[in-house]
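# Survey of secondary and tertiary structure
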Amino acid sequence: MALLDDIDEVLIPEEALKARIRELGQRISTDYAGKEPLLVAILTGAVLFTSDLLRQISIPCQLDFIATSSYGEQVDSSGVVRILKDLNQSIEGRHVIVVDDIIDTGLTMDYLLETLKTRYPASLKVCALLDKLPRRRRFVPIDYRGFEIPDRFVVGYGLDYAGRYRNLPFICVLKTQVYGQAPAIQTQTPAGRSAPA
Ligand code: PRP
């Protein structure tokens, strides 16, 4: 079975991603000239975006990873976020840019920003490839934004459904039958990504 058979519609093609990420890299290179920013990528979805973004940054910069576990609305309306894997280094005095593939409800980024703020970074900014504003529950200041997208469950370029489709080189929507029922009830969180019972 080919992954492409499951795709209903490509929302953001590969070339558009490349062009936008080049722009973001150039902006970061300009804004942080003379500094050495630390990019903090949120595992796992941000891996592809971050690796391409890094290669578009022309100034010295460093990379670290953090992993979170969040719970979708269907499981826990409090939106609890936990850190599963913390950074390998101190961020005190560092210029930190938190990088994620998508801001959906904003719960993950809001929690991380509040947590990282307590560690005395010199500055703390957000870079997100996708901004799904219609579902926002917490305000998140996005300093570097790739694309605004509608309230649709998207996969590809790092984003998964049930662990699959991260390797697609574009952002797309899956055919309804892939989910077994309408994807509209799903959230961009692990709980929502599990196949509906
Ligand atoms: C996704 C995404 C963001 C988060 C956004 O990660 O990568 O980190 O959800 O959702 P929110 O704005 O509603 O908090 P997920 O927890 O699904 O893990 P993954 O990156 O490993 O797929």
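Residues numbered from 1 in each chain as written. Predicted model: local features only at pLDDT ≥ 70, side-chain atom pairs only at ≥ 80, totals over all residues. Heavy atoms only, no water.

### Section: the pairing of strand 9 (residues 171–174)
Of the two faces of strand 9, the one holding Ile171 and Val173 and the one holding Cys172 and Leu174 are both buried throughout. As defined by bridge partners, strand 1 (residues 7–12) adjoins strand 9 across 4 bridges and the pair is classed as antiparallel. Looking at the pairing, valine 10 lines up with cysteine 172 of strand 9. In this structure, strand 8 (residues 154–155) lies alongside strand 9, joined through 2 bridges in antiparallel fashion. For valine 155, the partnering residue across the bridge sits in strand 9 and is cysteine 172. (Buried < 20%, exposed > 50% of the residue type's maximum accessible area, 1.4 Å probe, protein only. Helix = DSSP H or I, 4+ residues; strand = E, 2+ residues; numbered from the N terminus. Pairing = 2+ DSSP bridges.)

### Thoughts on the packing of helix 1 (residues 14–31) against helix 2 (residues 47–54)
Following both chains from N to C, one finds helix 1 and helix 2 inclined at 60°, their axes separated by 9 Å at the closest point. In this view, helix 1 runs oblique relative to helix 2, as classed from their interaxial angle. Handedness of the helix 1/helix 2 crossing: right-handed. Along the contact surface, helix 1 presents Ile21, Leu24, Gly25 and Ile28, while helix 2 presents Phe49, Asp52 and Leu53. Its residues assigned to classes, the contact of helix 1 with helix 2 shows 5 nonpolar, 1 polar and 1 charged. (Axes fitted to C-alpha atoms, helices over the stretch in contact; angles between N-to-C directions. Parallel < 35°, antiparallel > 145°, perpendicular 65-115°, else oblique. Left-handed = near helix turned anticlockwise from the far one by under 90°. Contact = heavy atoms within 4.5 Å. Nonpolar A, V, L, I, M, F, W, Y, C, P; charged D, E, K, R; others polar.)

### With respect to the side chain of threonine 105
Mapped onto the fold, threonine 105 is located in the loop between strand 5 (95–103) and helix 3 (107–117). Reaching out from threonine 105, the side chain makes a polar contact with the backbone nitrogen of leucine 107 at a distance of 3.2 Å. (Polar contact = N/O pair within 3.5 Å; in protein donor to acceptor, adjacent residues only side chain to side chain.)

### Some points on the nonpolar core
Counting 25 residues, the largest nonpolar core has Phe49, Leu53 and Leu130 as its most contacted members. Elements supplying a minimum of two residues to this core: helix 1, helix 2, strand 5, strand 6 (123–131), strand 7 (144–148) and strand 9. Ignoring sequence-local partners within four residues, the contact set of phenylalanine 49 consists of Ile21, Leu24, Val99, Asp100, Cys127, Ala128, Leu129 and Tyr157. Core analysis: the next-biggest nonpolar cluster, separate from the first, contains 17 residues, Leu87, Val96, Ala128 and Ile142 among them. (Core = buried A, V, L, I, M, F, W, Y, C linked by side-chain atoms within 4.5 Å.)

### Thoughts on the layout of surface pockets
When its volume is computed, the second largest pocket comes out at roughly 170 Å³. As for the second largest pocket, its lining consists of 13 residues, and the residues nearest its centre are Leu17, Lys18, Ile21, Asp52 and Tyr157. Sort the elements by how many residues they give to the lining of the second largest pocket and helix 1 lands first, with 5 residues. Across the lining of the second largest pocket, the residue classes tally to 6 nonpolar, 2 polar and 5 charged. (1 Å grid on protein atoms, 1.4 Å probe; cavity = no way out; pocket = protein on both sides within 12 Å on 5 of 7 lines; lining within 4 Å. Points joined across faces, edges and corners; volume = space filled by probe spheres on them.)

### A short note on the confidence of the model for the protein chain
Overall, the predicted model of the protein chain reaches an average pLDDT of 90, with 86% of residues at or above 70. For residues 73–77, every residue scores under 50 in pLDDT, and the model assigns this stretch 9 contacts once sequence neighbours within four places are set aside. When the criterion is pLDDT under 50, residues 190–197 qualifies, and its contacts beyond four places in sequence or with other chains add up to 21 contacts. (pLDDT = per-residue confidence, 0-100.)

### Points about the sheet that holds strand 8
Read from one edge to the other, the open sheet built from 3 strands follows the order 1-9-8, with strand pairing classed as antiparallel. At either end of the open sheet lies a strand with only one pairing partner, and these are strand 1 and strand 8.

### Observations concerning helix 3
Along helix 3, the residues that are buried comprise Leu107, Thr108, Met109, Leu112, Leu113, Thr115 and Leu116. In this fold, the buried residues of helix 3 make contact with strand 2 (38–43), strand 3 (62–70), strand 4 (81–85), strand 5 and strand 6.

### Here we look at the environment of isoleucine 12
With respect to the secondary-structure elements, isoleucine 12 resides in strand 1. Look at isoleucine 12 and you get buried, because its relative accessible area is 6%. Between the alpha carbons of isoleucine 12 and phenylalanine 170 there is a distance of 6.0 Å; along the sequence they are 158 residues apart. Excluding residues within four positions of it along the chain, isoleucine 12 makes contact with Leu17, Leu130, Phe147, Ile149, Phe170 and Ile171.

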